[in-house]
Amino acid sequence: MNERFKDLIIFEMANNHQGNVSHGLKIIEKLGAAVHKYGINAAVKFQYRDLDTMIHPDFIGRPDVKHIPRFLSTRLSADEFFTMVQAVRDAGMQTMCTPFDEVSVDLCMDHGIDIIKIASCSAMDWPLLEKIAESKKPVIVSTGGKSFSDIDKIYSFFTHRHTDFAMLHCVGMYPVKDEDVQLDCMDRMKNRYPDIAVGYSGHEDPKDFSIVKMAIAKGADIVERHVGLATDTIKLNAYSTNADDVDGWIEAILSARKICGQKNVKNIPQSELISMDELARGCYAAVAIKKGDTIKREDVFFAMPCGREQTTSGQFSPAMVATKDYEPREAIMEKPIVSLIKDTRSIIHDVKGMLYEAKIVVGNEFELELSHHYGMQHFRHYGATIINVINREYCKKLLVILPGQQHPMHYHKIKEETFQVLYGDMTLVLDGEVRHMKAGEVATVERGVPHAFSSVNGCIFEEVSTTHVKNDSYYDDDKISSLDIMERKTILTDW
């Protein structure tokens, strides 16, 4: 994700400057103070229109055509807009602008605007989008009034042009009613477009903070709303927040982020662990147990409380050997048994979890290999999980690389293979060249070409190849090459 998009809060000024630079600067000053107070990543967004070319000359001055009178009455010159743009920079915020025509895109470039925003009404204005894509600026697109079929087209348009872009769920109703907000669409957008930032642009009652909180809970990377400044003579519309009252909206966002926690990470506080330990059952001797005896299930019982360093009910194993004599009702103080079986089971659970998260269903008809080049005890650092789907004249495998795991340098004499990343990140070293790959990217490994791969956060990739033949992997490390194939592979047929 572009760092400019990370946890971004957008203040949409639109025409709330009232065509008055002095009034616009007051709004920016108040927003800047709030941004400084809360230390947030924020942007102020303007709207640029070249009204002389954007409005048909026959309709200029017509009071009966919606929006045109408002646009004309709040008109500012390029220099006046630049004065406000500079004030946004001076206040420590990003500059953002929605251009509604090609001339205004050029003005965005002249003013050095940081991010170009595309309004919902322009989201399928292909001539305008082409001009915006040519700017090479980061882009945020609102999707109000657009079906998922439409949004697919927008996504494809910017993806093909290698634009750094994000999309916002938006309902183009001013103000929007609760029953029309449809925040569940964000779930679908995040699943459908996992490689871009997704956010929410709100037009709800500015006093209602519940919707923006729910948007954050849905995973919104970006949130946006209209902001103005009420005075004795200026009344805000029904969907704009008063700059004097913007603290409440910001605090709602920050509160929701705190409640939701860090994305994709579950942190377990020490206080929570202590709380759980206080409720755990401890292991106690049901009968007298002699030192050196194997402790059987019928020799113990489980009850609260569980003392410090006492064996818990979850840690007990009937293979434990007593390291001391125990009297009936005495707390068992044996350490959990560490075994390759437990470690292997833990690895399998982690592999399954990655497949679940990636929504990859492997079915039941496959053979699974744990490839452990330096032994199972080092598997999480060196190795790979290989799911053999089919092996005929053609071969298909799924390979799962756990976070921080690497597969050593090797090559094949018989097999040619092509990798496609399905999930996560992969660093492929191919014939000395390092490639950092993400989902969707493809690489072909020809016969005799040395290659190795690893992952920082975990990766699942598909391997399609010619027929796989045993003993066709030749490793740079002589220690690996000297091992029998069964010494570096564990085969499972059921997990």
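In this text, all values refer to a predicted model and were calculated from it rather than measured experimentally.

Draft legend 1. Inspection of the packing of helix 10 (residues 210-217) against helix 11 (residues 246-260) at higher detail. One can describe the packing of helix 10 onto helix 11 by two numbers: an axis separation of 9 Å at closest approach and a directional angle of 35°. Crossing of helix 10 over helix 11 shows right-handed handedness. For the pair formed by helix 10 and helix 11, the contact residues are Val212, Lys213, Ile216 and Ala217 on the first element and Trp249, Ala252, Ile253, Ser255, Ala256, Arg257 and Cys260 on the second. For the contact of helix 10 with helix 11, the class distribution of residues is eight nonpolar, one polar and two charged.

Draft legend 2. Main features of the nonpolar core. By size, the foremost hydrophobic cluster in this structure holds 68 residues, and its most contacted members are Phe11, Phe46, Phe158, Met167 and Trp249. In terms of residues, this core owes the most to one element, helix 1 (residues 21-38), which gives seven residues. Sequence-distant contacts of methionine 167, that is, excluding residues within four places in its chain, are made with Val141, Thr143, Ile151, Ile154, Tyr155, Met189, Tyr193, Ile196, Ala197, Val198 and Gly199. Membership of the second largest hydrophobic core comes to 17 residues, among which are Met354, Ile360, Leu368 and Ile387.

Draft legend 3. Region of the structure containing the side chain of glutamine 310. Relative to the elements of secondary structure, glutamine 310 occurs in the loop between strand 11 (300-303) and helix 13 (340-358). Within the local environment of glutamine 310, its side chain forms a polar contact with the backbone oxygen of cysteine 283, the two atoms lying 2.9 Å apart. In contact with glutamine 310, not counting residues within four places along its chain, are Gly282, Cys283, Tyr284, Pro305, Gln315, Ala331, Ile332 and Met333.

Draft legend 4. Here's a closer look at the pairing of strand 17 (residues 433-438). With six bridges connecting them, strand 16 (residues 417-430) and strand 17 associate as antiparallel partners. Of the residues in strand 17, the one forming a bridge with methionine 426 is methionine 437. Here strand 16 folds back onto strand 17, and the loop between the two strands holds two residues, one of which, aspartate 431, carries a positive phi near 55°.

Draft legend 5. Summary view of helix 11. A rise of 1.5 Å per residue sets the reference length of helix 11, with its 15 residues, at 21 Å; its end C-alpha atoms lie 22 Å apart and thus fit the reference within 8%. Here helix 11 has its buried residues at Val246, Trp249, Ile250, Ala252, Ile253, Ala256 and Arg257. Seen along its axis, helix 11 keeps its buried residues to an arc of 155°; they face one direction. Turned more than 90 degrees away from the buried face of helix 11 sit Lys258 and Ile259, all of them exposed. Packing partners of the buried residues in helix 11 comprise strand 1 (8-12), helix 1, helix 10, strand 8 (222-228) and strand 9 (240-242). Immediately downstream of helix 11, the backbone of glycine 261 shows phi near 80°, a positive value.

Draft legend 6. Up close: the pattern of salt bridges. Enumeration according to the criterion identifies 22 salt bridges in this entry. Between lysine 45 and glutamate 224 there is a salt bridge, and its shortest N-O distance comes to 3.1 Å. Placement of the pair is lysine 45 in strand 2 (residues 41-48) and glutamate 224 in strand 8, with a sequence separation of 179 residues. Under the relative-accessibility criterion, glutamate 224 is labelled buried at 3%. A salt bridge links aspartate 184 to lysine 218, with the nearest nitrogen and oxygen atoms 2.5 Å apart. Here lysine 218 lies in the loop between helix 10 and strand 8 and aspartate 184 lies in helix 9 (residues 184-192), a separation of 34 residues in the sequence. Salt bridges sharing common partners tie together Glu12, Lys45, Lys117 and Glu224.

Conventions we followed
Residues numbered from 1 in each chain as written. Predicted model: local features only at pLDDT ≥ 70, side-chain atom pairs only at ≥ 80, totals over all residues. Heavy atoms only, no water. Axes fitted to C-alpha atoms, helices over the stretch in contact; angles between N-to-C directions. Helix = DSSP H or I, 4+ residues; strand = E, 2+ residues; numbered from the N terminus. Left-handed = near helix turned anticlockwise from the far one by under 90°. Contact = heavy atoms within 4.5 Å. Nonpolar A, V, L, I, M, F, W, Y, C, P; charged D, E, K, R; others polar. Core = buried A, V, L, I, M, F, W, Y, C linked by side-chain atoms within 4.5 Å. Buried < 20%, exposed > 50% of the residue type's maximum accessible area, 1.4 Å probe, protein only. Polar contact = N/O pair within 3.5 Å; in protein donor to acceptor, adjacent residues only side chain to side chain. Pairing = 2+ DSSP bridges. Expected span 1.5 Å × (residues − 1). Arc of directions from axis to C-beta. Salt bridge = Lys/Arg side-chain N within 4 Å of Asp/Glu carboxyl O.

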